[in-house]
Amino acid sequence: MSHPTDTSIIKQLFQYYADKNIPGFMSLLSPDVIWVEPGDNADIPYSGTFKGLAGIGQMMGLVSHSVQMISFEATEYCANEYTVNAMGYNEAKVIATGKTYKTDWVYSFKLASGKVTHVQVYMDTLTMAKAFKA
């Protein structure tokens, strides 16, 4: 059964992200975390599978050099055994093109011992890819 704190952990993870508190963000991840961002690397620079804290650091660097986040908000959480799904939306400006995109998303988190072990992200990659095209 899901621990009541699992959703709290994910809410804190998003808060750390919003506050640009990278050490806090990383502290909630398992050292061997796997994070899967959808899309094609040719279109979206930070798409792919990132492993471990070093991989997450690499992904976050790619995101920060690629987009300027305008809004990012989780609007709903749904938890079951060892999984928390967060639904929300974001709007971002692609730095290279100046174009913006808006997309709804779902982040599916698996947790163990109070740490995030796996993340699978679902979002409208076609809309995002169009914003990355010159």
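These numbers come from a predicted model, not from an experiment.

Caption draft 1: Representation of the layout of surface pockets in the model. Considered as a void within the structure, the largest pocket measures approximately 500 Å³ in volume. Those elements that place two or more of their residues in the lining of the largest pocket are α1 (4-18), α3 (52-66) and β3 (67-80). No other element matches the nine residues that β3 contributes to the lining of the largest pocket. Among the residues forming the lining of the largest pocket, the class breakdown is 12 nonpolar, four polar and three charged.

Caption draft 2: Expanded view of the pattern of salt bridges. Summed over all chains, the structure comprises one salt bridge. Between D43 and K133 there is a salt bridge, and its shortest N-O distance comes to 2.8 Å. Note that D43 is positioned in the loop between β1 (29-37) and β2 (48-51) and K133 in the segment after α4 (125-132), a separation of 90 residues in sequence.

Caption draft 3: Broad picture of the packing of aromatic side chains. For the coordinates displayed, the defined rule picks out 15 aromatic pairs. Aromatic side chains F14 and F72 sit 5.6 Å apart centroid to centroid with 55° between the ring planes, which places their arrangement in the tilted category. Note that F14 is positioned in helix α1 and F72 in strand β3, a separation of 58 residues in sequence. Ring centres of F72 and W105 lie 4.9 Å apart, and the angle between their planes is 25°; this geometry places the pair in the stacked category. Linking F72 in strand β3 with W105 in strand β5 (residues 100-112), this pair joins segments that are 33 residues apart in sequence. Residue F72 is classed as partly exposed on the basis of its relative accessible area of 24%. Under the relative-accessibility criterion, W105 is labelled buried at 3%.

Caption draft 4: Structural view of the sheet that holds β2. Spatially, six strands are ordered β2-β1-β6-β5-β4-β3 in an open sheet, and the strand pairing comes out mixed. Of all strands in the sheet, those bounded by a partner on one side alone are β2 and β3. Shown here is a sheet whose adjacent strand axes are inclined to one another by a mean of 15°, direction ignored. Bridge count between β1 and strand β6 (residues 115-123): four bridges; the pairing is parallel.

Caption draft 5: Representation of empty space enclosed by the protein. By the definition in use, this model includes one cavity of 30 Å³ or more. Space inside the largest cavity adds up to approximately 230 Å³. Along its surface, the largest cavity is lined by 18 residues, and Y17, E37, V63, F72 and Y107 are the ones closest to its centre. Looking at the lining of the largest cavity, the elements that each hand over two or more residues are α1, β1, α3, β3 and β5. Residues belonging to the lining of the largest cavity are distributed by class as follows: 16 nonpolar, one polar and one charged.

Calculation notes
Residues numbered from 1 in each chain as written. Predicted model: local features only at pLDDT ≥ 70, side-chain atom pairs only at ≥ 80, totals over all residues. Heavy atoms only, no water. 1 Å grid on protein atoms, 1.4 Å probe; cavity = no way out; pocket = protein on both sides within 12 Å on 5 of 7 lines; lining within 4 Å. Points joined across faces, edges and corners; volume = space filled by probe spheres on them. Helix = DSSP H or I, 4+ residues; strand = E, 2+ residues; numbered from the N terminus. Nonpolar A, V, L, I, M, F, W, Y, C, P; charged D, E, K, R; others polar. Salt bridge = Lys/Arg side-chain N within 4 Å of Asp/Glu carboxyl O. Phe/Tyr/Trp six-rings, centres within 6.5 Å; stacked < 30°, edge-to-face > 60°. Buried < 20%, exposed > 50% of the residue type's maximum accessible area, 1.4 Å probe, protein only. Pairing = 2+ DSSP bridges. Axes fitted to C-alpha atoms, helices over the stretch in contact; angles between N-to-C directions.

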